[in-house]
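Next come the chains, spelled out residue by residue.
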Amino acid sequence: MKFFSGCPLYVSVRALLLMLAAALLSGCSSTKHVPDGKYLLDNVSITVEDGADINRTELYNFLRQQPNHKVLGFARLQLSAYSLSGRDSSKWYNRWLRRLGQPPVIYDPDLTDASARQLRLALINSGYNDAVVTSDTVSHGKKRVNVEYHIVAGEPFRVDAINYNIPDTALSRLVMRSINRSGLRPGMLLDRTVLDNERGRITALLRDAGYYDFNREYISFTADTVMGDKSVGLTLNLFTPDRRKRPSGSTALADSLGLDPRLHHRYDIRHVVFVLDEDAGSRALAPADTVVCDDTYFIYGQDRYLSYKLLDEMCYIQPGRPYSAAAVSRTYEALGRLGIIKFINIEMKPVGSIGGIGLLDAYIYLSRNKKQSMSVEVEGTNSEGDLGFGVGLTYQHRNLARGSQLLSAKLRGSYESLSGNLDGLNNNRYTEFAAEVGITFPKFECPFLSKSFKQRRLASTEFTVSANYQERPEYTRVIFGTAWKWKWQQQRAGFTRRQTYDLIDINYVRLPKSTLNFIDEIAPSNPLLRYSYEDHFIMRMGYTYNRTNRRAPAATVNSLSVQPVVTSVRASVECAGNLLYGISNMIGQKRSDGVYKVLGIQYAQYVKGEFDYTLTRNFDDRNSLSFHSGFGLAYPYGNSTMVPFEKRFYAGGANGVRGWGVRTLGPGSYDARNSVTDFINQCGDIRLDLSLEYRAKLFWVLEGAVFVDAGNIWTIRDYENQPGGLFRFNRFYKEIAAAYGIGLRLDFTYFLLRFDLGMKAHNPARNQEPWPIIHPNWHRDANFHFAVGYPF
């Protein structure tokens, strides 16, 4: 969307900038609400005289008092907004400004002393036991004070040797076999965080090996030092639950089962019991209420709404095997994917012992969700006086065949009247009717796959069929589609991996009515434009891989747990037409117009791949820097000389080079003058995206950003209707477009609204201003974007 000085949007943005400027200018009165005799905490700094391994940035998280937040390192917008308020709190605008802003942080000497103690404790926990922390205050200006923390770290303690004191031989074997995964290494700092993480790792290891009642309190460390020496002999102790070292009450379970309370015992699963009715576990059960399958019991209530075979496949707790906390978590995850289930609760009940091994029965309680739901959507449109409406109906059945299959049926219809001269066109309206039916299975639906393979993948299978009927002034079009895909997700080593495999995806477009004469008049030799108004057929398969280490928002609530670095990788590949081309060759099909056809339509044949990488560095809970790079390549071959229009790449827009509108950049140095008629040519076979964005939380839900984007698209062949679009190694770097801009975002936690203003910096298009950053023109170079979510 372009800016024009006369439009309300421009006025609103200008007003917003004026308000921000006023807020910045009010910084001179930032002590307006500081009481007499008190001081505004203006700045806090930490200096470290030695200690090369100390991260000063992380030390700020331990301060009990920090100054008001600064945007871009200098602008205290929240404090400025608060300072704009008057002293009369009975007036609504004063209360509003105070809620919007942040009150001044008043210097508190007690909190300064507490911060110094916290800093020293953090250094001790990191191995700097001799650290000395002092604080100084420096008054400047009126009612302002700076606090400086000085740290003399001293020489840290380092681990010289690691020993293990594990009297229980069975536990010792398990721990020593996993030593390669240990975080303990000779030469490391005596860091208590690393030691605590090792306690957690060993606890998880043993609980997954059957030691149901084991907890981290059984593990401790002993550090042996020599006077005057900073080398530490570290010993890991894993105590037995005797009367002197056991955690309180830890022997109660062993005592109740007749096991030796002085030893750690393994627990095996005797039976798994599914209870599929809220009161089924508390009433007398008739034989017909229970199904038994290999030591797994399925207790049903009035309605057997789930197949026991499906539940058995979703259960990772195995009778006859040692207890595993990971198997319990995995079972929660698998059952949670079943839409028909509302609540899940898993309990372990001790039932006895045999040969020194405890026995547990795993009870899995399930509560049913609503089976069916329906929703209706109604919308109205007004396009420059042309009125229209749309109605949508969605129906869902969450348990189609007692296997938690999700049946989804969608119907939609829309209509919009058209005014003006429509002579020579097919229709005098926009009309659309769409229908889609899909079934999602909560597992791998494929023959010849074993239960163990399906459990490792934890996949879902989707089948969809869709039809869409469209009437436009220049054509009537019918689109048919069908797809079969598998999706699965895995979490391992701090990363979440999502994968999608499109086994088959068919898209068939037929135009029973079109104004081909109209196309012949405006673009007789433009294959891209003709393709949009001709029948076409695509049968493809593809694979998509996503990996990220981003934690859930609940895991990063406070500044101490801000994730320092977040990375995301997305890679995809798809190909089309190979199977059809092979069949055409095998059966000796004759070519028509030089190509093979299906149902009288040329089918597309191409290969396409994409790769995107994003890295976000979070400096603290309010400031971050994000980098994104992306590359894509599409290549037609065999039955096609051009990649289908909808499969080609485009540049510009809210998620591309933001100095350009969507589909208004490239390919290469292509000279586009009219976004309406040129957009069909502004697509390519090669994509390059580079972006760098600084993000800072302002106040309330507002977040600001500054960004720099670069990139473009190119064609892989020299097409007549796309002059300058061909990719050449000796000049492509000159055709990389660049843009810069600012953004304003509204972060509502669960969704984010984004407003970005991009300006052209370098324009590679022929016969246009190459360096708008030097000769800027607001009307020519500015583009405004609205979107939901971050660009990357």
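Only a predicted model underlies this, so the values are computations on that prediction, with no experimental measurement involved.

*Asks:* Quick question: what am I supposed to make of the overall build of the protein chain here?
*Replies:* Scanning the protein chain for helices and strands turns up 16 helices and 29 strands. For the protein chain, the residues scored as buried account for 45% of the 792 residues in total. In the protein chain, once contacts between residues fewer than 6 apart in sequence are set aside, the share between residues at least 24 apart is 64%. Here the protein chain has roughly 40,600 Å² of accessible surface; of this, 55% comes from carbon and sulfur atoms.

*Asks:* I tried to follow the packing of helix H6 (residues 169–177) against helix H7 (residues 192–207) on my own but got confused; where do I start?
*Replies:* What describes two packed helices is the angle between their axes and the distance between those same axes. Orientation of H6 relative to H7, taken along the N-to-C sense of each, is 120 degrees, at an axis distance of 10 Å. The chirality of how H6 crosses H7 is right-handed. Across the interface between the two elements, Leu171, Leu174 and Val175 from H6 touch Ile202, Leu205 and Leu206 from H7. Broken down by class, the residue content of the contact of H6 with H7 amounts to 6 nonpolar, no polar and no charged.

*Asks:* Help me understand the sheet that holds strand S1 (residues 40–48) in this model?
*Replies:* Consider a sheet: its strands pair through backbone hydrogen bonds, and that pairing is either parallel or antiparallel. Sheet architecture is open: 3 strands sit in the order S1-S3-S2, paired in mixed fashion. Strands with a single pairing partner mark the edges of an open sheet, and in this sheet they are S1 and strand S2 (132–139). Strand-to-strand, the axes of this sheet are offset by a mean angle of 20 degrees, without reference to chain direction. As paired strands, S1 and strand S3 (residues 144–152) are joined by 8 bridges and run parallel to one another. Residue pairing across strands places valine 48 opposite isoleucine 151, the latter belonging to S3. Each of S1, S2 and S3 is contacted by helix H5 (residues 109–125), which is oriented at about 25 degrees to S3, the strand it contacts most.

*Asks:* Can you help me understand the confidence of the model for the protein chain in this one?
*Replies:* When pLDDT is low, close inspection of the predicted coordinates is not appropriate. The predicted model of the protein chain averages 84 in pLDDT, with 86% of residues at 70 or higher. Mean pLDDT per element in the protein chain: helix H1 (residues 8–25) is the minimum at 44, and strand S23 (residues 606–618) is the maximum at 96. For residues 280–287, every residue scores under 50 in pLDDT, and the model assigns this stretch 10 contacts once sequence neighbours within four places are set aside. Low pLDDT (under 50) marks residues 554–560, which in the prediction has 7 contacts with non-local residues, meaning those over four places away or in another chain.

*Asks:* Please clarify how a nonpolar patch on the surface should be interpreted in this entry.
*Replies:* A cluster of nonpolar side chains, Met374, Val376, Val378, Phe389, Val391, Leu393, Leu411 and Tyr415, forms an exposed patch at the surface whose accessible area comes to about 780 Å². Here methionine 374 lies in strand S12 (residues 372–383).

*Asks:* Where do I start with the environment of tyrosine 164 in this structure?
*Replies:* With respect to the secondary-structure elements, tyrosine 164 resides in strand S4 (residues 158–165). Accessibility expressed as a relative area gives 24% for tyrosine 164, which makes it partly exposed. It is 9.3 Å that separates the C-alpha atoms of tyrosine 164 and phenylalanine 221, two residues lying 57 residues apart in sequence. Those residues in contact with tyrosine 164 that lie beyond four places of it in its chain are Val175, Met176, Ile179, Ser182, Leu184 and Leu236.

*Asks:* Looking at this structure, I do not really get unusual backbone geometry. What am I missing?
*Replies:* In most cases, non-glycine residues show a negative phi, while peptide bonds are predominantly trans. The linkage connecting glycine 666 with the following residue, proline 667, adopts the cis geometry, with an omega of 0 degrees. Among the secondary structure elements, proline 667 is positioned in the loop between strand S24 (623–636) and helix H15 (675–678). A positive phi angle, close to 60 degrees, is found at arginine 663, a residue other than glycine. Tracing the backbone shows arginine 663 in the loop between S24 and H15.

Cut-offs and rules
Counting starts from 1 at the beginning of each chain's written sequence and moves along it residue by residue. The predicted nature of this model means local features are confined to residues of pLDDT at least 70 and side-chain atom pairs, given and counted, to a pLDDT of 80 or more, with totals for whole chains, interfaces and linings taken over all residues. By convention in this description, side-chain values take in all heavy atoms of the structure and omit both hydrogens and water. Numbering of helices and strands runs from the N terminus; a helix is a DSSP stretch of H or I covering at least four residues, while a strand is a stretch of E covering at least two. Note on classification: 1.4 Å probe, protein chains only; a residue is buried when its accessible area is under 20% of the maximum for its type, exposed when over 50%, partly exposed between these limits. Contacts were defined at the residue level, with two residues in contact if any of their heavy atoms lie within 4.5 Å. All accessible areas in this document rest on Shrake-Rupley with a 1.4 Å probe, and a residue is counted as covered only by the protein chains that are shown. Note on method: axes are straight lines fitted to C-alpha atoms, helices fitted across the in-contact stretch only, with angles between N-to-C directions ranging 0 to 180 degrees. For any helix crossing, the convention is left-handed if the near helix is rotated counterclockwise from the far helix by under a right angle, and right-handed if that rotation is clockwise. All amino acids are sorted into three groups, where Ala, Val, Leu, Ile, Met, Phe, Trp, Tyr, Cys and Pro are nonpolar, Asp, Glu, Lys and Arg are charged, and the leftover types, Gly among them, are polar. The pairing criterion is simple: DSSP has to find at least two bridges between the two strands. A residue's pLDDT is the confidence the predictor assigns to it, expressed on a 0 to 100 scale. Patch membership needs two things, relative accessible area over 30% and no salt bridge, and members are linked within 9 Å if like-charged or within 5 Å if nonpolar (Val, Leu, Ile, Met, Phe, Trp, Tyr). A pairing counts as a salt bridge when a side-chain nitrogen of Lys or Arg comes within 4 Å of a carboxyl oxygen of Asp or Glu.

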